[in-house]
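Understanding the architecture of this molecule
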Amino acid sequence: MPFKRYVEIGRVALVNYGKDYGKLVVIVDVIDQNRALVDSPDMVRSQMNFKRLSLTDIKIEINRVPKKKTLIMAMEKADVKNKWENSSWGRRLTVQKRRAALNDFDRFKLMLAKIKKAGIVRQELAKLKKTA
Amino acid sequence: MAPRKTPHVTRNPDLIRGIGKYSRSVMYHKRGLWAIKAKNGGVFPKHAPKAKAASPVEKPPKFYPADDVKKPLPNKRKAKPTKLRDSITPGTVLIILAGRFKGKRVVFLKQLSSGLLLVTGPFKINGVPLRRVNQSYVIATSTKVDISGVNVEKFDDKYFGKKAEKKKKKGEANFFEAEKEGENALPQEKKDDQKLVDAPLIKSLESVPDLKAYLGARFSLKDGMKPHELVF
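It should be emphasised that the depicted structure is a prediction, and the values quoted were computed from it without experimental measurement. (Residues numbered from 1 in each chain as written. Chains lettered and ligands numbered in written order. Predicted model: local features only at pLDDT ≥ 70, side-chain atom pairs only at ≥ 80, totals over all residues. Heavy atoms only, no water.)

**Some points on the interface of chain A and chain B**
This is how the line gets drawn: Any two residues whose heavy atoms approach within 4.5 Å are treated as being in contact. Accessible surface is computed with a 1.4 Å probe, and the buried area is the amount of it that two parts give up when combined, taken over both parts together. The term salt bridge refers to a side-chain nitrogen of Lys or Arg lying within 4 Å of a carboxyl oxygen of Asp or Glu. Residues adjacent in sequence count toward polar contacts only when both atoms are side-chain atoms; beyond that, a polar contact is any pair of N or O atoms within 3.5 Å, and within protein one must be able to donate a hydrogen and the other to accept it. Numbering of helices and strands runs from the N terminus, with a helix taken as a DSSP run of H or I at least four residues long and a strand as a DSSP run of E at least two residues long. Polarity classes work like this: nonpolar for Ala, Val, Leu, Ile, Met, Phe, Trp, Tyr, Cys and Pro, charged for Asp, Glu, Lys and Arg, and polar for all others, with Gly in that last group.
On the side of chain B, 17 residues touch chain A, which itself brings 10 residues to the contact. Counting the surface lost from both chain A and chain B, the interface buries some 970 Å², and carbon and sulfur atoms represent 58% of this. Here chain A is connected to chain B by 1 salt bridge. Between D104 of chain A and R105 of chain B there is a salt bridge, and its shortest N-O distance comes to 3.1 Å. On the surface where chain A and chain B come into contact, there are 4 residue pairs in polar contact (both at pLDDT 80 or more). Sorting elements by how many residues they give to the side of chain A that touches chain B places helix α4 (residues 104-131) of chain A first, with 6 residues. Looking at the side of chain A that touches chain B residue by residue, the class counts come to 6 nonpolar, 1 polar and 3 charged.

**Focus: the UniProt feature "domain: Large ribosomal subunit protein eL14" (unreviewed entry) in chain A**
Quick reminder of the rule: UniProt positions are given in the numbering used here, feature names are shortened, and annotations may be inferred rather than shown by experiment.
The positions UniProt marks with the feature "domain: Large ribosomal subunit protein eL14" (unreviewed entry) are residues 45-117 of chain A. Secondary structure within residues 45-117 of chain A divides into 62% helix and 16% strand; the distance between the first and last C-alpha atoms comes to 48 Å.

**Regarding the nonpolar core**
What counts here: Each nonpolar core is a collection of buried residues, namely Ala, Val, Leu, Ile, Met, Phe, Trp, Tyr and Cys, held together in the definition by side-chain atoms within 4.5 Å. Only protein chains enter the accessibility calculation, which uses a 1.4 Å probe; a residue is then buried when its area is under 20% of its type maximum, exposed when over 50%, and partly exposed in between.
L109, L118, L130, F155, Y214 and L215 of chain B are the most contacted members of the largest nonpolar core, which has 23 residues in total. At the level of secondary structure, the elements contributing two or more residues to this core comprise α4 of chain A together with β4 (105-111), α5 (188-206) and α6 (211-216) of chain B. Not counting chain neighbours up to four residues away, the residues in contact with L130 of chain B comprise L109, L118, V119, T120, F155, F160, D193, Q194 and V197 of chain B. Core analysis: the next-biggest nonpolar cluster, separate from the first, contains 15 residues, V28, L37, L71 and A74 of chain A among them.

**A few points about the pattern of salt bridges**
All names here are of chain A. With the rule as written, the count across this model stands at 15 salt bridges over all chains. Across the pair R5 and D57 runs a salt bridge, and its minimum N-O distance is 2.6 Å. Here R5, found in the segment before β1 (11-15), pairs with D57, found in strand β5 (residues 53-59); they are 52 residues apart in sequence, far enough to count as distant. The exposed category is assigned to D57, whose relative accessible area is 59%. Among the ionic pairs, D39 bridges to K68, the shortest N-O distance being 2.8 Å. Placement of D39 in strand β3 (residues 35-40) and of K68 in helix α1 (residues 68-78) is noted, with a sequence separation of 29 residues between them. Overall, the relative accessible area of 1% leaves D39 in the buried class. K68 gets classed as partly exposed once you look at its relative accessible area, which sits at 28%. Among the charged side chains, a network of salt bridges with common partners joins D39, R45 and K68.

**A look at α1 of chain A**
Residues and elements named next belong to chain A. The test is simple: Summarising the geometry, the arc corresponds to the directions from the helix axis toward the C-beta atoms.
For α1, every residue scored as buried is listed here: L71, A74, M75 and A78. The buried residues of α1 occupy an angular sector of 100° when the element is viewed end-on, so they sit on one face. Along α1, the residues that are exposed and aim more than 90 degrees away from the buried face are K69, M73, E76 and K77. Buried residues along α1 sit against β2 (24-30), β3 and α2 (80-86). Just downstream of α1, D79 is the residue with a positive phi angle, here 55°.

**Brief notes about the UniProt feature "domain: Large ribosomal subunit protein uL6 N-terminal" (unreviewed entry) in chain B**
Residues annotated in UniProt with the feature "domain: Large ribosomal subunit protein uL6 N-terminal" (unreviewed entry) correspond here to residues 4-60 of chain B. With 25% helix and 9% strand, the stretch residues 4-60 of chain B has end C-alpha atoms that lie 45 Å from each other.

**What about the sheet that holds β1 of chain A?**
The strands that make up a sheet are held in pairs by hydrogen bonds between backbone atoms, and each pair lies either parallel or antiparallel. All names here are of chain A. As a reminder of what qualifies: When DSSP locates at least two bridges between a pair of strands, those strands are taken to pair. Axis definition: a line fit to C-alpha positions, over the contact stretch in the case of helices; interaxial angles, taken between N-to-C directions, run 0 to 180 degrees.
A sheet is described by the order of its strands in space; here 5 strands give the open sequence β4-β3-β2-β1-β5, paired in antiparallel fashion. Pairing within the sheet leaves two strands with one partner each, and these edge strands are β4 (43-49) and β5. With direction set aside, neighbouring strand axes in the sheet form an average angle of 40°. Two strands pair when backbone bridges link them, and β3 and β4 are joined in this way by 5 bridges, in the antiparallel orientation. Bridged to R35 within β4 is N49. Packed on one face of the sheet, α1 meets β2, β3 and β4 and runs near 75° to β3.

Have a look at this one:
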């Protein structure tokens, strides 16, 4: 039952509450027991309560409170974006976003596709049942 | 008087609303009233009043009401034409929310002068004829259909109005029979209009896959669908 994701300098976290909801940020310093200094290429460095952060598996190599340029370079080196988008958590979020943005017509087409797929699966199953 | 060529500028600019820059005596001089007086021999010129045409003697009216009744204030307000939602453009697929065709997905043609929306199924696809629908009872989806081949010029509110009934002669024997005959037979002309509008529409619908089936299906809320979170 030991912890696997630690709050440390360089830990990438997902904001789960507030104005920056859904953003990936890097912990660049710890302020006190409850708060961290947090930074990201597209936002101003600011403090955040740990309760607003969900830690991810990704960690990058930086010193305490790096300059913005250094931070961006370190994020490129660790390839945070691709690691995130290929992780199952990141993929799940992309799917959720896509589903929420579906048009009424898109939902209709999705329904047709689901029915078609289920029909094909059932056919194959019936074939397998016959031979077994 | 001939109309002025340049707009009149006041000689006494306002310092604040109600207070002019120049006093009465200064204005007297600015306006040249002293010159007008001088020209007229020290007195301000007076013009004889225009002779009024002799008006006919008005007799008191023969009848007036016993009590004085208050007249209602005149109301000159004009109703503005209904504003069409930005999301509704010709060719938009709409979802009708109430009435006989609730849940039907339908193609929007144009807004009539009364503010109602002219809409068609097309009839062959989902049974909705050329019909008027109120904007408030409609959800506009973001799906658009190409409507350029359709001519909707001739349709207006009068086309959809109730036909004036011919006065029936009162006769007991005919009473019950005559009512049933020819009450709701759709005139052939309207059927032809429907076909004329629908033919080019159906052609442009066929170019998009699944669109015909989409328009033929009704919309309904399923489990887990939250209307305020749905993107239409």
